[in-house]
Amino acid sequence: MDTQKITSRVDNAMPHVLAELKDFVAIPSISASAFDQSTMDTSAQWIAQRVKDLGLETEVIKLHTPSGLVGRPAILASRPSQPGKPTILLYAHHDVQPVGEESEWDSQPFVAVEKDGRLYGRGTADDKAGVLVHLAAIEAADPGVGIRLFIEGEEEIGSPTFSDFLTEYREKLEADVIVVADSSNWSVGKPSLTTSLRGVVRLDVKVSVLDHALHSGFFGGPVLDAVVVASRLIATLHDEDGNVAVAGLVQDDSTDVDYPEADFRRDAGLLDGIELAGSGSITSRLWTKPAISVIGMDITPVDVASNTIIPSVDMLISMRVAPGQDSMEAGEMLAQHLRDHVPFGAHIEVLVAEAGSAFLARESSQVTDIARWALKEAWDGTDPVDIGQGGSIPFIADLAEMFPQAQILVTGIEDPDTRAHSANESLHLGDFRNAIVAEALLLSRLGE
């Protein structure tokens, strides 16, 4: 294998790859059902055409599940391996998050803009860059390995048909190595393999104190409003230091990578004077311990508020679950905590509405050694680090369960300033190039 030749192929192709990424970002492929779903079809066809140009047998699939769900369009493509060569499954997703308040963006979300070595726009990093990494790497790599490409269209809405898709198309997805290009690097210029992911649980909670709203002057005092009661309940989820206080949850403090507090504060955008919550290393608090957040609450908006005791409040509570714990079990522990701690006899309804599994990679192998070599080569001799992720990619656990013999590699194109899911999402173009080089080298070396 000629490493320099492969690197040169990538460098020569980069102007074209970047232009394609800009065109791809211009397709507002938001998978959330409140948005125009014809854009998902446009996005899928855009990818399919480019995959066909690489010589892969390609199809666009909208899965109809036994339960009646219809999946967003996914692209499934393949190229057979040469005799004795392994088969590699490459995964990414083409759907993106809604843009939120457009006023918070410095440029139009679906017009990719280059500035200071970064490309700004919704999906530039999460995960349209991942799609382009796969396509460019296939084109640049020395042929030999079999390729199976799976680009799904519903990752941003929880991949509701993913498990059914794996079952239906198992033979077309089975591989020796699976590469998931949907994670991040430790920092700009510092490549990483993601070896653990927290699980995710979402609870729908309703706290009620009255069967109708009341005049706060006539009845306030003996009756606390539902927001105050819910707030007191929320306060029981953490101890005085900010550690999660739900009994039975797995909490581990064994991470090896140091994340200096000053760097974390900068990357997170913490306001001056804000104290960090919890105990133990920052990386363990991010990767191997649970975290609980109230991500939604339905109460009276300020501009229409009156002097009224609010009778009930609806909340969404999200919990990240440490690797090694069953997410549904953790969700039931959280639900029971809420039932046990609701104050003043308030009525509470709790539903574990979502439970996505955590992921913990296997021990190092020849495949992971090759991946680390490829990353080091692509990043000009910088040693990669193994990292965890506080975020969740539950379908990776599904892949591990369906294909237990396969080695799963979770690679990254994001960095701490990517701001995925937020306004001004961006991609570091230098690391984008390096990610393509690394994957092309990986595919070529695996072919040996």
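Residues numbered from 1 in each chain as written. Predicted model: local features only at pLDDT ≥ 70, side-chain atom pairs only at ≥ 80, totals over all residues. Heavy atoms only, no water.

An unreviewed UniProt entry lists the protein under the name Dipeptidase, from Arcanobacterium pinnipediorum.

Caption draft 1: Highlighting the overall build of the protein. Summing up its helical and strand segments, the protein has 13 helices and 18 strands in all. Relative to the 2.2 N^0.38 estimate, which gives 22 Å for 448 residues, the radius of gyration of the protein is 23 Å and therefore close to what a compact globule would have. Considering only contacts within the protein whose residues lie at least 6 apart along the sequence, 80% involve residues at least 24 apart. Taken together, the 33 basic and 69 acidic charged side chains of the protein have centroids lying 5 Å from each other. (Helix = DSSP H or I, 4+ residues; strand = E, 2+ residues; numbered from the N terminus. Rg over C-alpha atoms; globule rule 2.2 N^0.38 Å. Contact = heavy atoms within 4.5 Å. Lys, Arg positive; Asp, Glu negative; His and termini not counted. Charge placed at Lys NZ, Arg CZ, Asp CG, Glu CD.)

Caption draft 2: Fine view of unusual backbone geometry. The amide bond that connects Asp126 to the next residue, Asp127, takes the cis arrangement and shows omega of 5°. Relative to the elements of secondary structure, Asp127 occurs in the loop between β5 (118-120) and α3 (128-140). Of note in the backbone geometry, His421 takes a positive phi value of approximately 75° without being a glycine. By relative accessible area, His421 is classed as partly exposed at 43%. Phi at Asn424 takes a positive value of approximately 60°, unusual for a residue other than glycine. For Asn424, the position within the fold is in the loop between β17 (407-414) and β18 (426-428). (Buried < 20%, exposed > 50% of the residue type's maximum accessible area, 1.4 Å probe, protein only.)

Caption draft 3: Local environment of the pairing of strand β9 (residues 199-208). Counting buried residues along β9, seven of its 10 residues qualify, which places the element largely inside the surrounding structure. Of the pairings in the sheet, the one linking β9 to strand β13 (residues 312-321) comprises 10 bridges and is antiparallel in character. Counted as the bridge partner of Val207 is Val313 from β13. Sheet analysis places β9 next to strand β14 (residues 347-356), joined by nine bridges and oriented antiparallel. Across the sheet, the residue bridging to Asp204 is Leu351, located in β14. (Pairing = 2+ DSSP bridges.)

Caption draft 4: Focus on the UniProt feature "domain: Peptidase M20 dimerisation" (unreviewed entry) in the protein. As recorded in UniProt, the sites labelled "domain: Peptidase M20 dimerisation" (unreviewed entry) are residues 199-343. Helix makes up 30% of residues 199-343 and strand 22%. Its end C-alpha atoms lie 29 Å apart. (UniProt positions renumbered as here; feature names shortened; annotations may be inferred.)

Caption draft 5: Representation of the packing of helix α1 (residues 3-25) against helix α13 (residues 429-446). Across the interface, α1 lies against α13 with an axial gap of 9 Å and an inter-helix angle of 130°. Put simply, α1 runs oblique to α13. Between α1 and α13 lies a crossing of right-handed hand. Note on element contacts: α13 touches α1 through Leu429, Phe432, Arg433, Ile436, Val437, Ala440, Leu441 and Ser444, opposite Thr3, Ile6, Thr7, Val10, Asp11, Met14, Val17, Leu18 and Leu21. (Axes fitted to C-alpha atoms, helices over the stretch in contact; angles between N-to-C directions. Parallel < 35°, antiparallel > 145°, perpendicular 65-115°, else oblique. Left-handed = near helix turned anticlockwise from the far one by under 90°.)

Caption draft 6: Highlighting the sheet that holds β5. Strand order in the open sheet formed by three strands is β4-β5-β18, and the pairing between neighbours is antiparallel. If you trace the sheet from one side to the other, it starts and ends with β4 (113-115) and β18, each paired once. Here the strands of the sheet are splayed against their neighbours by 25° on average, with no regard to which way each runs. Sheet topology places β4 next to β5; three bridges connect them, and they run antiparallel. Looking across to β5, one finds that Glu114 is bridged to Leu119. The strands that α13 touches are β4, β5 and β18; relative to β18, the one it contacts most, it runs at about 65°.

Caption draft 7: Summary view of a nonpolar patch on the surface. Nonpolar side chains collect at one region of the surface, where Leu224, Val228 and Phe344 lie side by side and expose about 270 Å² of accessible area between them. Given the relative accessible area of 31%, Leu224 is considered partly exposed. (Patch = residues over 30% accessible without salt bridge, like charges linked within 9 Å, V, L, I, M, F, W, Y side chains within 5 Å. Areas by Shrake-Rupley, 256 points an atom, 1.4 Å probe, with all protein chains shown as cover. Salt bridge = Lys/Arg side-chain N within 4 Å of Asp/Glu carboxyl O.)

Caption draft 8: How the structure looks around the environment of Gly189. For Gly189, the location among the structural elements is in the loop between β7 (177-184) and β8 (192-197). Accessibility expressed as a relative area gives 31% for Gly189, which makes it partly exposed. Residues Gly189 and His428, spaced 239 residues apart in sequence, show a C-alpha to C-alpha distance of 9.5 Å. Residue contacts for Gly189: discarding those within four places in its chain leaves Trp379, Thr382 and Asp431.

Caption draft 9: Inspection of the pattern of salt bridges at higher detail. Per the stated rule, a full pass over the model turns up 19 salt bridges. Here Arg265 and Glu261 are joined by a salt bridge, their closest N and O atoms 3.0 Å apart. Of this pair, Arg265 and Glu261 are both found in helix α8 (residues 261-268), four residues apart, which corresponds to roughly one turn of the helix. Among the ionic pairs, Arg419 bridges to Asp417, the shortest N-O distance being 3.4 Å. In this structure, a network of salt bridges that share partners links the residues Arg202, Asp204 and Glu354.

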